[in-house]
Amino acid sequence: MQISLFLADGLFCAEYRNSIVHTYHPIRHCQRSNKTVIGLSNVKSVDKCAEFAKNRRAMAFNFAPVDRGNTNLFVKAKENLLRDNHTKYYLKDVEEPEEFFNCELLACPEFQNFSHIVNDTRFDYYSLYAKFLPPKNATCLPTVGVFQYYNEFANYSMATQKCLHGNGSLAHILSETRTNSLSNFIYRQQNVTTRVKVAYVGLNETVRNKFRTSADEPIECSLYRAWAPGHPMQKNILRCVALTDDDSWQTFSCLKRLPFICEIHVSGPSDDRIDFKRKCSLRRDNNVSRAKRRKRVRF
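Basis of the calculations
Residues numbered from 1 in each chain as written. Predicted model: local features only at pLDDT ≥ 70, side-chain atom pairs only at ≥ 80, totals over all residues. Heavy atoms only, no water. pLDDT = per-residue confidence, 0-100. Contact = heavy atoms within 4.5 Å. Disulfide = S-S within 2.5 Å. Helix = DSSP H or I, 4+ residues; strand = E, 2+ residues; numbered from the N terminus. Buried < 20%, exposed > 50% of the residue type's maximum accessible area, 1.4 Å probe, protein only. Arc of directions from axis to C-beta. Polar contact = N/O pair within 3.5 Å; in protein donor to acceptor, adjacent residues only side chain to side chain.

Participant: Looking at this structure, I do not really get the confidence of the model for the protein. What am I missing?
Facilitator: In low-pLDDT regions, the fine details of the predicted coordinates are not to be read closely. Confidence in the prediction of the protein, expressed as mean pLDDT, is 86, and 81% of residues score 70 or more. For the stretch residues 1-8, pLDDT sits under 50, and the model shows zero contacts to residues farther than four places along the chain or on other chains. Throughout residues 88-95 the model reports pLDDT below 50, and contacts reaching past four residues in sequence, or to other chains, amount to eight contacts.

Participant: In this structure, what is going on with the state of the cysteines? I would like to understand it.
Facilitator: Within this structure, the stated rule accounts for six disulfides. The disulfide partner of Cys 13 is Cys 221, and the gap between their sulfur atoms is 1.8 Å. Taking the sign of the S-S torsion, -90° for the link of Cys 13 and Cys 221, the bridge is left-handed. Note that Cys 13 is positioned in helix H1 (residues 2-19) and Cys 221 in the loop between strand S10 (210-213) and strand S11 (239-244), a separation of 208 residues in sequence. There is no split in this pair, since Cys 13 and Cys 221 are both buried. Here Cys 30 connects covalently by a disulfide to Cys 280, the sulfurs 2.0 Å from one another. Judged by the torsion about the S-S bond (-90°), the Cys 30/Cys 280 disulfide is left-handed. With Cys 30 in strand S1 (residues 25-33) and Cys 280 in the loop between strand S13 (258-264) and helix H6 (290-298), this pair connects stretches of sequence that are 250 residues apart. Ordering the disulfide-forming cysteines of the protein by sequence position, one finds them joined as 1-8, 2-12, 3-4, 5-6, 7-11, 9-10.

Participant: What is the right way to read helix H4 (residues 156-165) from this model?
Facilitator: Think of an α-helix as 3.6 residues a turn; residues three or four steps apart then line up on the same face. All of the buried residues in H4 are Tyr 156, Ala 159 and Cys 163. Here the buried residues of H4 occupy an arc of 60° about the axis, which is enough to place them on one side. Looking at the buried side of H4, the elements it contacts are strand S7 (145-154), strand S8 (168-170), strand S9 (198-207), S11 and S13. For H4, the side-chain oxygen to backbone nitrogen distance between the N-cap and Ser 157 is 3.2 Å, and the N-cap itself is Asn 155. Two residues or fewer past H4, Asn 167 is found with a positive phi of approximately 55°.

What follows is the structure, encoded as structure tokens:
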């Protein structure tokens with residue numbers, strides 16, 4: 001019986017790993033994000049840029065189609081205007097590398113406020129987070145994911161529902177990188193009024209001694225463990241896992257109220273149907289969806 005359970009878990013693990021498909025979706029046309037770049041390359045197609053991004057665990061990228069040229073016409077127009085007005089200028093917002101690369105990998109995606117987007121006729125912006133952009137108060141942990149820390153105390157069920165309503169789930173921790181990064185994240189949330197050093201994450205006991213993630217992935221799918229001394233505690237109740245600020249896992253009654261960490265899910269494609277084949281314009285909005293454009297014509 002135990003052997004058959006292990007085989008079933010093994011099959012699930014393989015199916016779960018194969019089901020994880022990270023797809024980059026176009027969001028902004030004739031614009032790029034100036035968030036931190038973690039990789040540069042010259043590639044022949046957007047698919048090659050996406051492959052490069054996946055290998056480097058980038059959450060977004062800027063891609064310049066080969067037919068756009070190497071000159072940002074927005075910058076050129078501004079330079080010409082200032083030159084015509086005999087104005088001394090310094091375009092401090094433009095920091096282009098000495099050599100032009102048409103594939104720029106980004107450590108973090110744009111959030112709902114698009115605070116790092118700039119006009120650039122050479123590029124389009126692609127992201128793993130397209131249909132539901134992360135809220136502006138979320139936190140990006142480069143190459144790991146996008147998260148929200150909730151200091152409101154909730155039991156495990158309430159925390160789970162809160163994350164679901166925000167297009168996410170309790171954070172996945174079945175790796176050393178994730179455990180350490182999120183542990184440091186918890187540590188950074190502490191202040192004079194907040195001294196709680198643990199937060200619920202996506203690992204709980206659904207059946208006695210069978211821990212699963214928020215995605216219903218058995219803990220056996222990973223060899224990594226970070227149990228604190230004495231944990232998981234042996235109690236006659238189903239246990240839920242909280243991450244500490246010292247890189248360890250602890251178990252609590254699922255009814256106990258604690259802070260929690262939600263992980264924002266990747267999503268796409270975007271609901272805005274933007275025509276990425278249209279020529280970049282210096283006058284009109286390049287990111288008005290087809291539906292909005294038709295509506296404008298009607299009026």
